[in-house]
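Reading the structure
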Amino acid sequence: MKTKQISEHIWSLRIWMVIPVHVWVVVEEDGVTLVDAGIPMMGKGILNFIENLQGGPLKRIVLTHGHSDHTGAIKPILKEKSVPVFAHSTEIPYMEGDRAYPRRKKAAQSIKKNLAQPLQKDESNNLLPIGGLNPYLTPGHSPGHVVYYHEQDQVMLAGDLFTSKKGKLHRPMPMFTADMEEAVKSSEIIRQLKPKRLEVCHGNSVMNPVEQLDTYIRTAAKAFSIPDQKVFKG
């Protein structure tokens, strides 16, 4: 597993399984937040990295969504560390196997029932900060997909909202994306937050992604025959 510090408070941990799989370790005031949990074989490496980092204990795991390549190491991690796991309330029935993800024939459980807690919301239904991260609902790849924004470092941890190649934004993998039109609409979160750096699970870093956003939206809309006016807000 390769590790890289990508900002003052955030490290990227990567393993290669046909495609890259990234998770992120965020150093908080009270310890460490793990964003996504990759695949099972990453569990030991994640724990060893956190211990050697000496940034404090693992305090929580937060998920961008519940697909198995984002939840795989939860079980081995929780065997060693008793920490809460958080996901969006919309996502939990899918990851617990009560509902089949859109475009999938059968439900599949990727996390044990009653293990994940819903991310908290305020009275206006906005997601509340967790640790040093601000979560935002960005549905499309999955119904309850979330990105996490580290405001101090100006880094967005975008899960599978995008893929990337050579520093360029690309659409999420179509065969695993529930609703591509909705996913493209959700990309507007970049225009709202204007991160300096964007990280994806499957791909590499994208710097100043807002500069690519209009081109990304038009290219994705054309590829999937989505009318511009349905996705473009620029």
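Residues numbered from 1 in each chain as written. Predicted model: local features only at pLDDT ≥ 70, side-chain atom pairs only at ≥ 80, totals over all residues. Heavy atoms only, no water.

Next up on the list: the environment of Glu211. Tracing the sequence through the fold places Glu211 in the loop between β14 (206–207) and α7 (213–223). Placed 63 residues apart in sequence, Glu211 and Tyr148 show a C-alpha to C-alpha distance of 20 Å. (Helix = DSSP H or I, 4+ residues; strand = E, 2+ residues; numbered from the N terminus.)

It is worth spelling out the packing of aromatic side chains at this point. In total, this model carries 3 aromatic pairs according to the counting rule given. Here the aromatic rings of Phe162 and Tyr216 are separated by 5.1 Å at their centres, their planes lie at 70°, and the arrangement is edge-to-face. On the criterion of sequence distance, the pair formed by Phe162 in the loop between β10 (155–157) and β11 (163–165) and Tyr216 in helix α7 is long-range, its members being 54 residues apart. Classification of Phe162 as buried rests on a relative accessible area of 0%. (Phe/Tyr/Trp six-rings, centres within 6.5 Å; stacked < 30°, edge-to-face > 60°. Buried < 20%, exposed > 50% of the residue type's maximum accessible area, 1.4 Å probe, protein only.)

This part takes up the side chain of His9. On the secondary structure map, His9 appears in the loop between β1 (2–5) and β2 (10–17). Judged by relative accessible area, His9 falls into the buried class, the value being 15%. Filtering out sequence-adjacent residues up to four positions away, His9 remains in contact with Val25, Val26, Val27, His150, Gln152 and Asp153. (Contact = heavy atoms within 4.5 Å.)

Quick look at the pattern of salt bridges now. Taken as a whole and assessed by the stated rule, the structure comprises 6 salt bridges. The salt bridge partner of Arg60 is Asp30, with a shortest N-O separation of 2.8 Å. Of this pair, Arg60 sits in strand β5 (residues 58–62) while Asp30 sits in the loop between β3 (19–27) and β4 (32–35); the two residues are 30 residues apart in sequence, bridging distant segments of the chain. Residue Arg60 is classed as buried on the basis of its relative accessible area of 12%. One salt bridge in this structure joins Lys185 and Glu181, with 3.6 Å as the shortest N-O distance. Separated by 4 residues within a single helix, Lys185 and Glu181 lie in helix α5 (residues 180–186), roughly one turn from each other. The class of Glu181 is partly exposed, set by a relative accessible area of 22%. Overlapping salt bridges bring together Glu188, Arg191 and Asp214 as one network. (Salt bridge = Lys/Arg side-chain N within 4 Å of Asp/Glu carboxyl O.)

Here we come to α7. Of the residues making up α7, those classed as buried are Leu213, Tyr216, Ile217, Ala220 and Ala221. Buried positions in α7, seen along its axis, are confined to an arc of 120° and lie on one side of it. Exposed residues lying more than 90 degrees from the buried face of α7 are Thr215 and Lys222. Once α7 ends, the next one or two residues include Ser225, with phi positive near 55°. (Arc of directions from axis to C-beta.)

With that settled, the discussion passes to the sheet that holds β1. Taken in spatial order, the 7 strands of this open sheet run β1-β2-β3-β4-β5-β6-β7, and their pairing is mixed. Among the strands making up the open sheet, the edge pair consists of β1 and β7 (116–118). Averaged over all pairs of adjacent strands, the angle between strand axes in this sheet comes to 30°, irrespective of strand direction. Pairing of β1 with β2 involves 4 bridges; the strand directions are antiparallel. Each residue of the ladder has a partner; that of Lys2, found in β2, is Arg14. Strands in contact with helix α1 (residues 43–53) are β1, β2, β3, β4 and β5; relative to β3, the strand with the most contacts, it is inclined by about 35°. (Pairing = 2+ DSSP bridges. Axes fitted to C-alpha atoms, helices over the stretch in contact; angles between N-to-C directions.)

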